[in-house]
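Spelled out from the first residue to the last, the chains are:
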Amino acid sequence: MKFFIDTANLDQIREAMDLGILDGVTTNPSLMAKEGISGTKNIYAHYKKICKLVDGGDVSAEVIATDYKGIIEEGKKLSDLSENIVVKVPMIKDGVKAISYFTDHGISTNCTLVFSAGQAILAAKAGATYLSPFIGRVDDITWDGIKLIEEIASIYSMQGYMTEILAASIRSPLHIVQAAKAGADVVTCPLSSIMGLLNHPLTDIGLAKFLEDHHKLNS
Ligand code: E4P
């Protein structure tokens with residue numbers, strides 16, 4: 001399973017890269033705004049900085065346009081920024097049509113804002129490279145985000161769809177483990193959830209004891 005970090009914060013991307021396990025980055029307009037980045041020129045410059053940091057990893061950059069022509073124009077501009085760029089397109093009618101166009105023209109896509117198996121089938125038919133079901137937001141309305149990943153994974157495997165399932169809107173380390181068990185190909189997570197995977201009290205207790213025993217005879 002690939003690990004992406006879900007942020008536009010350069011320090012957090014660097015920290016996850018330092019761990020040696022990062023395969024890419026996902027961003028969205030809210031995450032860019034959180035970093036205070038505005039204006040097309042600045043936003044594109046920021047994407048270039050992210051692409052430089054990730055050393056060949058995929059970087060999802062989301063279009064703002066919601067009409068077919070606008071999505072195509074914007075997607076091409078984003079894709080021209082770097083070969084790392086994956087054009088992130090919302091699951092709407094013109095978005096699906098645009099994903100088909102990008103697929104035919106060799107441009108990688110991430111179909112975002114996915115909340116149902118039906119949407120997942122449409123995105124796969126359009127040839128999306130990645131599909132982003134938002135599991136945390138599904139949980140927020142008391143449906144089951146992980147069950148959605150399981151359902152999509154089962155359909156994709158049965159139908160032989162090549163689209164990779166990118167579990168998004170991850171809220172905890174447990175979500176990461178559950179997404180892996182449910183058949184996600186990729187998880188995109190906040191830094192805190194990635195780092196949370198490190199934690200276990202028995203590791204801390206065990207390490208303290210090993211060091212204590214060593215130092216009894218070696219100090
Ligand atoms: C996916 O690519 C989105 O950027 C993201 O995972 C949304 O997460 P949120 O529901 O925590 O905003």
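Just so we're clear, the structure is a prediction, and the values are computed from it rather than from any experiment.

*Asks:* Hey, could you go over the site of the ligand for me, with residue numbers and the actual values?
*Replies:* Close contacts around the ligand come from Asp6, Thr26, Asn28, Lys88, Phe134, Arg137, Ala168, Ser169 and Arg171, and that covers them all. Considering the ligand on its own, with 350 Å² of exposed area, one finds that the protein chains cover 85% of that surface.

*Asks:* Quick one: what's the story with the pattern of salt bridges, residue by residue and with numbers?
*Replies:* In total, this model carries nine salt bridges according to the counting rule given. A salt bridge links aspartate 11 to arginine 14; the nearest nitrogen and oxygen atoms lie 2.8 Å apart. Remark: arginine 14 and aspartate 11 occur in helix α1 (residues 10-18); sequence separation between them is three residues, near one turn of the helix. The salt bridge partner of aspartate 140 is arginine 171, with a shortest N-O separation of 3.0 Å. In this pair, aspartate 140 is assigned in helix α7 (residues 135-140) and arginine 171 in the loop between β7 (164-167) and α9 (173-182), connecting sequence segments 31 residues apart.

*Asks:* So what's going on with the environment of lysine 181? Which residues, and what values?
*Replies:* Looking at where lysine 181 falls in the secondary structure, it is placed in helix α9. The exposure class of lysine 181 is exposed, given its relative accessible area of 73%. Linking lysine 181 and leucine 131, residues 50 residues apart in sequence, is a C-alpha distance of 17 Å.

*Asks:* Tell me about the side chain of serine 132, and please be specific about residues and values.
*Replies:* Within the secondary structure layout, serine 132 lies in strand β6 (residues 130-133). The exposure class assigned to serine 132 is buried, which follows from its relative accessible area of 1%. Contacts of serine 132, omitting those with residues within four sequence positions, involve Asn110, Cys111, Thr112, Leu113, Val114, Leu166 and Ala168.

*Asks:* Outline the pairing of β7, listing residues and values.
*Replies:* A regular strand places its side chains on the two faces of the sheet in alternate fashion. Pairing geometry for β6 and β7, over two bridges, is parallel. When the sheet's bridge partners are listed, tyrosine 130 is paired in β7 with glutamate 164. When β7 meets strand β8 (residues 186-189), the two strands line up parallel, connected through two bridges. Pairing of alanine 167 across the sheet is with valine 187, part of β8. Handedness of the β7-α9-β8 crossover: right-handed.

*Asks:* Describe the packing of aromatic side chains, with residues and values.
*Replies:* In total, this model carries four aromatic pairs according to the counting rule given. Look at phenylalanine 4 and tyrosine 130: their rings are 5.6 Å apart centre to centre, the planes differ by 80°, and that puts the pair in the edge-to-face class. Taken together, the residues span a long stretch of sequence, with phenylalanine 4 in strand β1 (residues 2-6) and tyrosine 130 in strand β6 at a distance of 126 residues. As far as the burial class goes, phenylalanine 4 and tyrosine 130 line up, both buried.

*Asks:* Which residues make up the side chain of serine 82, and what values do they have?
*Replies:* Tracing the backbone through its elements, the reader meets serine 82 in the loop between α4 (68-81) and β4 (85-90). Accessibility expressed as a relative area gives 15% for serine 82, which makes it buried. In terms of polar contacts, serine 82 uses its side chain to reach the side chain of asparagine 84, at 2.7 Å.

Conventions and cut-offs
- Residues numbered from 1 in each chain as written.
- Predicted model: local features only at pLDDT ≥ 70, side-chain atom pairs only at ≥ 80, totals over all residues.
- Heavy atoms only, no water.
- Near = heavy atom within 4 Å.
- Areas by Shrake-Rupley, 256 points an atom, 1.4 Å probe, with all protein chains shown as cover.
- Salt bridge = Lys/Arg side-chain N within 4 Å of Asp/Glu carboxyl O.
- Helix = DSSP H or I, 4+ residues; strand = E, 2+ residues; numbered from the N terminus.
- Buried < 20%, exposed > 50% of the residue type's maximum accessible area, 1.4 Å probe, protein only.
- Contact = heavy atoms within 4.5 Å.
- Pairing = 2+ DSSP bridges.
- Right-handed = clockwise from strand over helix to strand, strands pointing away.
- Phe/Tyr/Trp six-rings, centres within 6.5 Å; stacked < 30°, edge-to-face > 60°.
- Polar contact = N/O pair within 3.5 Å; in protein donor to acceptor, adjacent residues only side chain to side chain.

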